[in-house]
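Fold and contact review
The chain contents come next:
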Amino acid sequence: MVGGYASQKVTEQISTKYPWISIKQIPGIGYHEAKMIGTTLATGRIVFCDSDCVYASSWLKNILTAFSQSLGINIVAKEISILVRNPYKLAIAIRYFFPRFSYQEQAYISQGYYLNSVAFRRHFLLQHSIPVDLPLYRSNCQIYIHYLHSQGYNILKHSQAQANHEPSTMSFMSWCYLLRDRDRALREPLKLSLTNSTDLNNISQLTNSYQLTRSQKNCAVIRTLWQAKFFKKAQMVAVLQEDPRRIFSLPLTVPIAVYFELLYTIGSIITYFQPNLLLNFYKQREASSGELTIAQT
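Here's a quick rundown of the structure. (Residues numbered from 1 in each chain as written. Predicted model: local features only at pLDDT ≥ 70, side-chain atom pairs only at ≥ 80, totals over all residues. Heavy atoms only, no water.)

**Let's talk about the overall build of the chain**
When you go through the chain residue by residue, the secondary structure sums to 11 helices and 9 strands. Over its C-alpha atoms, taken along the principal directions, the chain stretches across nearly 55 × 50 × 45 Å. Evaluated residue by residue, the chain yields a buried proportion of 47% over its 297 residues. For the chain, the proportion of contacts with a sequence separation of at least 24, taken over those separated by at least 6, is 78%. (Helix = DSSP H or I, 4+ residues; strand = E, 2+ residues; numbered from the N terminus. Buried < 20%, exposed > 50% of the residue type's maximum accessible area, 1.4 Å probe, protein only. Contact = heavy atoms within 4.5 Å.)

**Structural notes on the pattern of salt bridges**
As enumerated under the stated definition, the model contains 9 salt bridges in all. Among the ionic pairs, Arg85 bridges to Glu166, the shortest N-O distance being 3.3 Å. Remark: Glu166 occurs in the loop between strand S8 (155–165) and helix H7 (170–195) and Arg85 occurs in the loop between strand S5 (75–82) and helix H4 (87–93); sequence separation between them is 81 residues. Residue classification places Arg85 among the exposed positions, given a relative accessible area of 55%. (Salt bridge = Lys/Arg side-chain N within 4 Å of Asp/Glu carboxyl O.)

**Quick word on the packing of aromatic side chains**
Tallying each qualifying case throughout the model produces 21 aromatic pairs. Ring geometry for Tyr88 versus Phe260: centroids 6.4 Å apart, planes at 50 degrees, classification tilted. Of this pair, Tyr88 sits in helix H4 while Phe260 is found in helix H10 (residues 250–273), placing the two residues 172 residues apart along the sequence. Each member of the pair, Tyr88 as well as Phe260, carries the same accessibility label: buried. Among the aromatic residues, those joined into a ring-pair cluster are Tyr88, Tyr96, Phe97, Phe98, Tyr114, Tyr177, Tyr259, Phe260 and Tyr264. (Phe/Tyr/Trp six-rings, centres within 6.5 Å; stacked < 30°, edge-to-face > 60°.)

**Observations concerning the environment of Tyr264**
One can find Tyr264 in helix H10. Placed 40 residues apart in sequence, Tyr264 and Thr224 show a C-alpha to C-alpha distance of 9.6 Å. Not counting residues within four places of it along the chain, the set of residues in contact with Tyr264 comprises Arg95, Tyr177, Arg180, Asp181 and Arg184.

**Side note on helix H9 (residues 233–242)**
Those residues of H9 lying buried are Gln235, Met236, Ala238 and Val239. The arc enclosing the buried residues of H9, seen along the axis, measures out at 165 degrees, which places them on a common side. Residues Lys233, Ala234 and Gln241 are exposed on H9 and point more than 90 degrees away from its buried face. Looking at the buried side of H9, the elements it contacts are H4 and H10. (Arc of directions from axis to C-beta.)

**Some points on the nonpolar core**
Grouped together as the largest cluster of nonpolar side chains are 43 residues, with contacts concentrated most on Ile92, Tyr96, Tyr177 and Phe260. Discounting residues that sit within four places of it in the chain, Tyr96 has contacts with Ile82, Met173, Cys176, Tyr177, Arg180, Lys232 and Gln235. (Core = buried A, V, L, I, M, F, W, Y, C linked by side-chain atoms within 4.5 Å.)

**What about the packing of helix H8 (residues 214–227) against H10?**
In a packed pair of helices, the relevant descriptors are the angle between the two axes and the axis-to-axis distance. Contact geometry of H8 with H10 gives a least axis separation of 10 Å together with a crossing angle of 175 degrees. Considering the angle they form, H8 stands roughly antiparallel to H10. On H10, the residues that touch Lys217, Ala220, Val221, Thr224 and Leu225 of H8 are Thr265, Ser268, Ile269, Tyr272 and Phe273. (Axes fitted to C-alpha atoms, helices over the stretch in contact; angles between N-to-C directions. Parallel < 35°, antiparallel > 145°, perpendicular 65-115°, else oblique.)

**As for the pairing of S5**
Of all 8 residues that make up S5, 8 are buried, and the element is covered over most of its length. In S5, alternate side chains face the same way, and those of Ile75, Ala77, Glu79 and Ser81 on one face and Val76, Lys78, Ile80 and Ile82 on the other are all buried. Two strands pair when backbone bridges link them, and S5 and strand S7 (residues 117–120) are joined in this way by 3 bridges, in the antiparallel orientation. Pairing of Ala77 across the sheet is with Val118, part of S7. One ladder, built from 7 bridges, connects S5 with S8; its direction is parallel. Paired with Val76 across the strands is Leu156, a residue of S8. (Pairing = 2+ DSSP bridges.)

**Remarks on the pairing of S8**
Most of S8 sits out of view: 9 of its 11 residues are buried. By the bridge criterion, 3 bridges tie strand S4 (residues 53–55) to S8 in an arrangement that is antiparallel. The residue bridging Tyr55 from the neighbouring strand is Ala163, located in S8. Inspection of the sheet shows strand S6 (residues 108–110) paired to S8 by 3 bridges, in the antiparallel sense. What sits directly across from Ser110, in S8, is Ile155.

**Notes on the environment of Gly72**
Here Gly72 is to be found in the loop between helix H3 (59–67) and S5. Considered as a pair, Gly72 and Leu190 are 118 residues apart in the sequence and their alpha carbons are 28 Å apart.

**Overview of the side chain of Ser139**
Within the element layout of this structure, Ser139 appears in the loop between helix H5 (122–127) and helix H6 (140–150). On the basis of relative accessibility, which here comes to 1%, the residue Ser139 falls in the buried class.

**Digging into the environment of Phe67**
Locating Phe67 in the fold gives a position in helix H3. Spatially, the C-alpha atoms of Phe67 and Arg45 are 9.0 Å apart, while their sequence positions differ by 22 residues. When neighbours within four sequence positions are excluded, Phe67 is seen to be in contact with Arg45, Ile73, Asn74, Ile75, Val76, Ala119, Phe120 and Arg121.

In short, the description is geometric, and any link to function would need to be established separately.
Here you go:
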C-alpha cells in the first residue's frame, strides 16, 4: 500500500490484521503517482484496487486466469459498477461513468479500464508507464488508453471479475463532478498532442497550453449547455431492469442527478475561462484537510 498520509494507529491496525502487507507513506503523493510507485515496489502481476470498492470473491482468480490464456495479454480489466443502496447512490448509478455489469459469459476486448479495477503485466506497465504529471484530476488513464490504442495494444475485460464501487460523501462526489468535467474539457488538446508524438511523457508539460479565443469560449459554453443530460439512458434502463422497485425512488433521485449534472456543466464552463482554477482550489483544500490518498497494489 502506497499512501500520502496515514496515522500510526491506522498503519498498526493494517499491519496487525494483514502482516503480509507492506506500507509506504509519501507525503503529498498523488493518486496515479502512488499507483506507479507501487508498481516499482511490487512483484509479479500488478493488480490495482481501491478501498472504496467491494470485489467479488472470485475476481482475483478470474483476473490471473485471463493472463494465462496468452502471453500477448498485457492488460486485464474488471467490470465495475455503482452499488445502489439508496436514492443518493441511485442518482450516481444513472449518471456516473461506471456502466452496469454486462453479464457476458466470456472476456471481451474493451475500449478502456478504470484504475481501481485493472491488472497489468509488471514489465509491460514499467515499459509503458501511466503518465503522472498531467494537468488533470483523474483522467490520466484516458490519455493513457488513447496512447495504448494508438500503439495497437488491446485491453481485455473479464466480465466475471466484478467489483462494486461504494460512492463517497456528497461533498467528495460534488468535487468529482466539477473536476471530471474540467478534465473532459482539457483531454482533447492532450490527445491531439499525443497524436503528434509517440512519447507519452512528452505531453506532461502541457499544463499551460490550454488557451481559447473569446469566440471559442462562447461556442464551448453553448455546446456544453446543449449537450447537458441528467442521466444516461442505457444506465437508467439497466438500473431499473435490475430492480423495478427502484422506480419509486426516482422522485428523490432526480433532484440529486440534476444537481450533479449542474456541477458537471459548471466544471466545463469555469475551465474554458480559468483552466487551473478548480484543480488548484481542490489541491489547496485537500492539503489543508490532510485527506488520505492510498493506492493499493
